[in-house]
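Descriptive analysis of the structure
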Amino acid sequence: MTSTARRVPRILVRSAQVAIAVSAVADVFRAAAVRDDHLHRTGASESGFISMVFVYLMTLAIVLFLVWLAQSRRNAQELSPGASVPSRGRTIGMWFVPVVNLVVTRGIVLAIGRASSASWEEKRDTTLVNAWWAAWVGHSLVLLVASRVAPGSMALLVVEEALMIAAAVLAGLVIERITALQSAALGATVPAEPLAQA
């Protein structure tokens, strides 16, 4: 069997995982600083600085995740040509469409995972993606509610940040699982020998 799929560089995988984890930790500090600023109205620029650092880290995490996802989509399409894998534009673009990104992106990651290998375990692997997606969406919803209804609520802050950390850990596991499935499938793919010239 011939395939033009390539292994996702390990440096990209680790960089995406680390950037996601670091941005989640930075979000904890950002949320605490914003809450403190909201409660005490000190006018200090500390929360602004921490928020700016968080935005840079989150932007880096998003870029690295989407680069990894695009490469994984390409590999999945090559490994399973008959599978229903979203186009590259849809794979990346849907993340930037408000509200739609809370629903469609889960399906995109699931499609890539399923097409990555026959070793995809429907119950375990789908549950992993669903748990990551639920934590991510839950964080977004709690953040929205907290900012509108109770901006200084410590209880909502704790729930919001617990969901953010959970989403980051689960995103790292999703990246690891899909990369491992593709690496194993690519290891089993044997390139065709060129035909001998007569």
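Residues numbered from 1 in each chain as written. Predicted model: local features only at pLDDT ≥ 70, side-chain atom pairs only at ≥ 80, totals over all residues. Heavy atoms only, no water.

1. Observations regarding the overall build of the protein
A tally of regular secondary structure across the protein gives six helices and zero strands. Along the protein, from the amino end to the carboxyl end, the secondary structure elements read α-α-α-α-α-α. Of the contacts made within the protein by residues no fewer than 6 positions apart, 76% connect residues no fewer than 24 positions apart. When the accessible surface of the protein is split by element, carbon and sulfur atoms take 68% of a total near 10900 Å². (Helix = DSSP H or I, 4+ residues; strand = E, 2+ residues; numbered from the N terminus. Contact = heavy atoms within 4.5 Å. Areas by Shrake-Rupley, 256 points an atom, 1.4 Å probe, with all protein chains shown as cover.)

2. A short note on the packing of aromatic side chains
Taken as a whole, this structure holds five aromatic pairs when the rule is applied. Where F65 meets W68, the ring centres are 5.6 Å apart and the plane angle is 40°; that geometry is what we call tilted. Placement of the pair is F65 and W68 together in helix α2 (residues 46–79), with a separation of three residues, close to one helical turn. Overall, the relative accessible area of 11% leaves F65 in the buried class. When the ring of W95 is compared with that of W136, the centres are 5.7 Å apart and the planes differ by 55°; the resulting orientation is tilted. Taken as a pair, W95 in the loop between α3 (88–93) and α4 (104–116) and W136 in helix α5 (residues 122–148) lie far apart in primary sequence, 41 residues in all. One aromatic cluster is present, built from ring pairs that chain together F65, W68, W95, W132 and W136. In this structure, R30 packs its charged tip against the face of F54, placed 5.4 Å from the ring centre. Taking NZ or CZ as reference, R106 lies 5.9 Å from the ring centre of W133, over its face. (Phe/Tyr/Trp six-rings, centres within 6.5 Å; stacked < 30°, edge-to-face > 60°. Buried < 20%, exposed > 50% of the residue type's maximum accessible area, 1.4 Å probe, protein only. Lys NZ or Arg CZ within 6 Å of the ring centre and 35° of its normal.)

3. Quick notes on the pattern of salt bridges
Applying the stated criterion across every chain yields a total of eight salt bridges. Where E160 meets R30, a salt bridge forms, and the shortest distance between an N and an O atom there is 3.6 Å. Separated by 130 residues along the polypeptide, E160 in helix α6 (residues 154–188) and R30 in helix α1 (residues 10–40) bring together distant segments of the chain. Counted as one network, the salt bridges with shared partners bring together E121, R124, D125 and R177. (Salt bridge = Lys/Arg side-chain N within 4 Å of Asp/Glu carboxyl O.)

4. Observations regarding the side chain of T91
Structurally, T91 can be placed in helix α3. Side-chain polar atoms of T91 contact the backbone oxygen of S87, separated by 2.8 Å. Residues in contact with T91, not counting those within four places in the same chain, are L69, R73, P86, I108 and I112. (Polar contact = N/O pair within 3.5 Å; in protein donor to acceptor, adjacent residues only side chain to side chain.)

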